[in-house]
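Descriptive structure summary
Next come the chains, spelled out residue by residue.
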Amino acid sequence: MAFDPFPENRAAPSDYRAAPTDDRVKTKPPVPVKIIVAGGFGVGKTTTVGAISEISPLTTEAEMTMESVGVDHPNRATTKTTTTIAMDFGCVTIDHTLKLYLFGTPGQSRFSFMWDDLVRGALGALVVVDTSRIDDCYPAVDYFERAGLPFVVGVNTFNGQQGYNLDEVRWALAVRDDVPVLQFDARFRGSVRDALLVVLDQALDKALRMRQT
Amino acid sequence: MTGPDPDRPAVPGIRPFLREQAPADDRPPPGEQTTSLRPFVLTSGRVAAVDPNIGLETQVSTHPRAWGARLSPEQRAIVQLCAQPLSVAEISAKLRLHFGVTRILVADLRAAGCLEVHVVESEFPDPDTIMRVIRGLRSLS
Ligand SMILES: Nc1nc2c(ncn2[C@@H]2O[C@H](COP(=O)(O)OP(=O)(O)OP(=O)(O)O)[C@@H](O)[C@H]2O)c(=O)[nH]1
Ligand SMILES: [Mg+2]
């Protein structure tokens, strides 16, 4: 790939060295908070991020540890593999001191994944589900459950058609009663915003519980 | 009245985690492991752990000292980008550097005094911060 990481520098090398100090007055960075948008392939994660983000989604490649359990030989240790995944993200500036980041991360069907970097400090997660391939979201649900991260299951309404209704989805996922299972449309900002607000409600509950103890 | 749709069982399958066993074909696909020389070269072969508090969303800004420093092209690109605070994820995306590589470069630049890395201790955000996010999102149309 013919990518030049410093085109500006090549175009005008002196510009950088003569960098004026006045326009580099320290801007205090915003406090970043993040919400994870997870789910199987093609369920609408990037669409979700793009619908609400103030920038068109960017992509970063990162390592994710996949773990597969030795099912054929239950006594065998689990196998861990590191895979590079492409992660889309976007952001919403709340005000100049606070910025919300959304990270869309693929969960690969049939593999549980571990990604402590991703959940560290996260407010919560929206698990996007396409009901025609409901089991694609299982690894994400398993992971957030075990990580103790607040999450919400969001059934993306592809063409208004839903394979299963919300009760059936809840039954299949067997998530705790306090985990919201809702329907949303990844293409619409208002719908994504409302789904994220439910994630934030869950996060607030957790933060208040933590404050009490 | 149609018969049962074979593609749509009456009830979806329950989450395997809750069953005793996961499906039998639970094996990572071969060749998924990606190794390339470039990240290794960029980070001078460094594999040591960097501060785990440097996350995707962590804000990074350039220290004035960086403008006089001798830097590699990648480091210089980072220093230029972060004249205004930027997240590690954005640096990674804009420079098309793997996140892991970006994180190491950022950690090195910080150690050299060229970057300020505004780490937030890994605690869960406090209720007031969350309330502000809620208010901010609600005001989005
Ligand atoms: N009709 C309809 N199409 C949708 C909806 N959400 C997503 N799509 C389409 O479905 C396709 C996949 O959506 P993406 O947002 O790319 O899904 P993704 O989860 O990011 O996919 P990967 O990153 O490849 O795993 C795109 O062509 C979207 O335009 C929806 O609610 N309705
Ligand atoms: Mg995507």
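Residues numbered from 1 in each chain as written. Chains lettered and ligands numbered in written order. Predicted model: local features only at pLDDT ≥ 70, side-chain atom pairs only at ≥ 80, totals over all residues. Heavy atoms only, no water.

In terms of helices and strands, chain B carries five helices and three strands. Counting from the amino terminus, helix and strand elements in chain B follow one another as α-β-α-β-α-α-β-α. Residue pairs in contact within chain B that sit at least 24 positions apart in sequence constitute 68% of those at least 6 positions apart. With the model as given, the accessible surface of chain B reaches about 7,600 Å², and the carbon-plus-sulfur share is 55%. (Helix = DSSP H or I, 4+ residues; strand = E, 2+ residues; numbered from the N terminus. Contact = heavy atoms within 4.5 Å. Areas by Shrake-Rupley, 256 points an atom, 1.4 Å probe, with all protein chains shown as cover.)

Attention now moves to unusual backbone geometry. A positive phi angle, near 50°, is found at A174 of chain A, a position not held by glycine. Structurally, A174 of chain A can be placed in the loop between α6 (166-173) and β8 (181-184).

The next subject is the confidence of the model for chain B. Residue and element names in this part refer to chain B. Looking at chain B, the pLDDT average stands at 78 and 67% of residues meet or exceed 70. pLDDT under 50 marks residues 20-41. Its contacts with residues more than four places away, or in other chains, come to 34 contacts. Across the interface, the model reports ipTM at 0.82; the global pTM reads 0.81. (pLDDT = per-residue confidence, 0-100.)

Here the focus is the sheet that holds strand β3 (residues 115-118) of chain B. Residue and element names in this part refer to chain B. Pairing within the open sheet is antiparallel, and its three strands lie in the order β2-β1-β3. A single partner strand is all that each edge strand has here, and the edge strands are β2 (86-87) and β3. Pairing of strand β1 (residues 59-62) with β3, which is carried by four bridges, proceeds in the antiparallel orientation. When the bridges of β3 are listed, T62 appears paired with L115. (Pairing = 2+ DSSP bridges.)

This brings us to helix α3 (residues 88-95) of chain B. Residues and elements named next belong to chain B. Of all eight residues in α3, seven are buried, a share of seventy percent or more. All of the buried residues in α3 are V88, A89, E90, I91, S92, A93 and L95. Directly after α3, the chain includes R96, whose backbone phi takes a positive value near 50°. (Buried < 20%, exposed > 50% of the residue type's maximum accessible area, 1.4 Å probe, protein only.)

Turning to the site of ligand 1, a few remarks are in order. All names here are of chain A. Neighbouring ligand 1 are 15 residues, the closest being G42, K45, T46, T47 and N156. With respect to ligand 1, the side chain of K45 contributes an N or O atom lying 2.8 Å from an oxygen atom. T47 is positioned such that a nitrogen or oxygen atom in its side chain is 2.4 Å from an oxygen atom of ligand 1. Compared with its free state, where it exposes 650 Å², ligand 1 has 65% of that area covered by protein. Residues belonging to the shell around ligand 1 are distributed by class as follows: four nonpolar, eight polar and three charged. (Near = heavy atom within 4 Å. Polar contact = N/O pair within 3.5 Å; in protein donor to acceptor, adjacent residues only side chain to side chain. Nonpolar A, V, L, I, M, F, W, Y, C, P; charged D, E, K, R; others polar.)

We now examine the side chain of K206 of chain A. Checked against the element boundaries, K206 of chain A lands in helix α7 (residues 189-212). If we ignore the near neighbours within four places in the chain, the residues touching K206 of chain A are G148 and P150 of chain A together with F124 of chain B.

Looking now at the environment of Y164 of chain A. Its place among the elements puts Y164 of chain A in the loop between β7 (151-156) and α6. C-alpha separation for the pair Y164 of chain A and T131 of chain A, spaced 33 residues apart in sequence, amounts to 6.0 Å.

Further remarks concern the packing of aromatic side chains. All names here are of chain A. With the rule as written, the count across this model stands at four aromatic pairs over all chains. Relative to F151, the ring of F144 lies with its centre 6.3 Å away and its plane at 40°, an arrangement referred to as tilted. The pair formed by F144 and F151 is uniform in burial state, with each residue classed as buried. By the ring-pair criterion, three or more aromatic residues cluster together here, those being F89, Y101 and F103. (Phe/Tyr/Trp six-rings, centres within 6.5 Å; stacked < 30°, edge-to-face > 60°.)

Let's shift gears to the nonpolar core. Ranked by internal contacts, the top residues of the largest apolar core, which has 65 residues, are I36, F144 and F151 of chain A together with I78 of chain B. With seven residues, helix α4 (residues 99-111) of chain B is the single largest residue contributor to this core. In this structure F151 of chain A touches A125, V127, V141, F144, E145, V175, V179, P180 and Q202 of chain A, once residues within four positions along its chain are discounted. (Core = buried A, V, L, I, M, F, W, Y, C linked by side-chain atoms within 4.5 Å.)

Attention now moves to the pattern of salt bridges. Residues and elements named next belong to chain A. All chains considered together, the criterion is met by nine salt bridges over all chains. A salt bridge links R133 to D130, with the shortest nitrogen-to-oxygen separation between them at 3.1 Å. Overall, the relative accessible area of 30% leaves R133 in the partly exposed class. The closest approach of N and O atoms between D194 and R193, which form a salt bridge, is 3.2 Å. (Salt bridge = Lys/Arg side-chain N within 4 Å of Asp/Glu carboxyl O.)

Glancing now at the packing of helix α2 (residues 73-81) of chain B against α4 of chain B. Residue and element names in this part refer to chain B. Where α2 meets α4, the closest approach of the two axes is 10 Å, and the angle between their N-to-C directions is 80°. One element, α2, and the other, α4, form an angle in the roughly perpendicular class. Every residue of α4 that contacts α2 at E74, Q75, I78 and V79 is listed here: L105, V106 and L109. Residue composition of the contact of α2 with α4, grouped by class: five nonpolar, one polar and one charged. (Axes fitted to C-alpha atoms, helices over the stretch in contact; angles between N-to-C directions. Parallel < 35°, antiparallel > 145°, perpendicular 65-115°, else oblique.)

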